[in-house]
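Commentary on secondary and tertiary structure
Spelled out from the first residue to the last, the chains are:
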Amino acid sequence: MVIVSNPQYGIKLSIILAALMLSACQTPAPSAYSDLPLTPGLLNQPSWQVVKPIEPLYPVEEAIEGTEGCASLSYVVTPTNQLTDVQVLHASSHRFAREARKAIAKWQWQHLPAGLLNAPVKSAVRFEFCLEDNSGHCNDAFFAAPSTCPGEDVLPVIGYRITNLKRE
């Protein structure tokens, strides 16, 4: 028991202790699928092509800064074609990771053929965020360079440079 003679300090101490206990409760639980092996190349298989990956938005902040990068995510698809356990494996920016997570949640997992899976399957995807080179495409050198993000299923995300913005 802590005895505090000044009530003002007692209130502050109570708030600090409550915040510490709440933060301990928010620690993510270990994944039920952490031991599931990663199955690479699923998006390249014909039966998985119906998922129709939706491209993430290029983060405006990164386009303004002229930044290119990547984000690799792992995910689990259950036998009922539900997406679960999406994890960021690596990202060159938290903004790229945020947009990649939003996009993968919108993919059409329900279009996978019924009975395709009899057990959960874990896979990964790598999004390469590049800025177009005035042709509507990314510079070929960008994809020729080694990526800092792991993953065999690679999806490009093309952004457009944002210039001439007045900053106040």
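Residues numbered from 1 in each chain as written. Predicted model: local features only at pLDDT ≥ 70, side-chain atom pairs only at ≥ 80, totals over all residues. Heavy atoms only, no water.

1. Notes on the state of the cysteines
- Under the definition given, this model contains 2 disulfides.
- Disulfide partner of C70: C149, at an S-S distance of 2.1 Å. An S-S torsion of about 80 degrees defines the bridge between C70 and C149 as right-handed. Residue C70 is found in strand β1 (residues 69-77), and its partner C149 is found in the loop between α4 (140-144) and β4 (154-159); the two are separated by 79 residues along the sequence. The same class applies to C70 as to C149, namely buried.
- Numbered in order of appearance, the disulfide-bonded cysteines of the protein chain are paired 1-4, 2-3. (Disulfide = S-S within 2.5 Å. Helix = DSSP H or I, 4+ residues; strand = E, 2+ residues; numbered from the N terminus. Buried < 20%, exposed > 50% of the residue type's maximum accessible area, 1.4 Å probe, protein only.)

2. Considering the confidence of the model for the protein chain
- Averaged over all residues, the pLDDT of the protein chain is 82; the fraction at 70 or higher stands at 79%.
- Here residues 15-28 is a poorly scored stretch, pLDDT under 50, and it has 0 contacts once near neighbours within four places are set aside; other chains count. (pLDDT = per-residue confidence, 0-100. Contact = heavy atoms within 4.5 Å.)

3. Describing the environment of A103
- With respect to the element layout, A103 can be found in helix α3 (residues 94-106).
- Counting along the chain gives 48 residues from A103 to E55, while the straight-line C-alpha distance between them is 6.3 Å.
- Look past the residues within four positions of A103 in its chain and what remains in contact with it is I54, E55 and P56.

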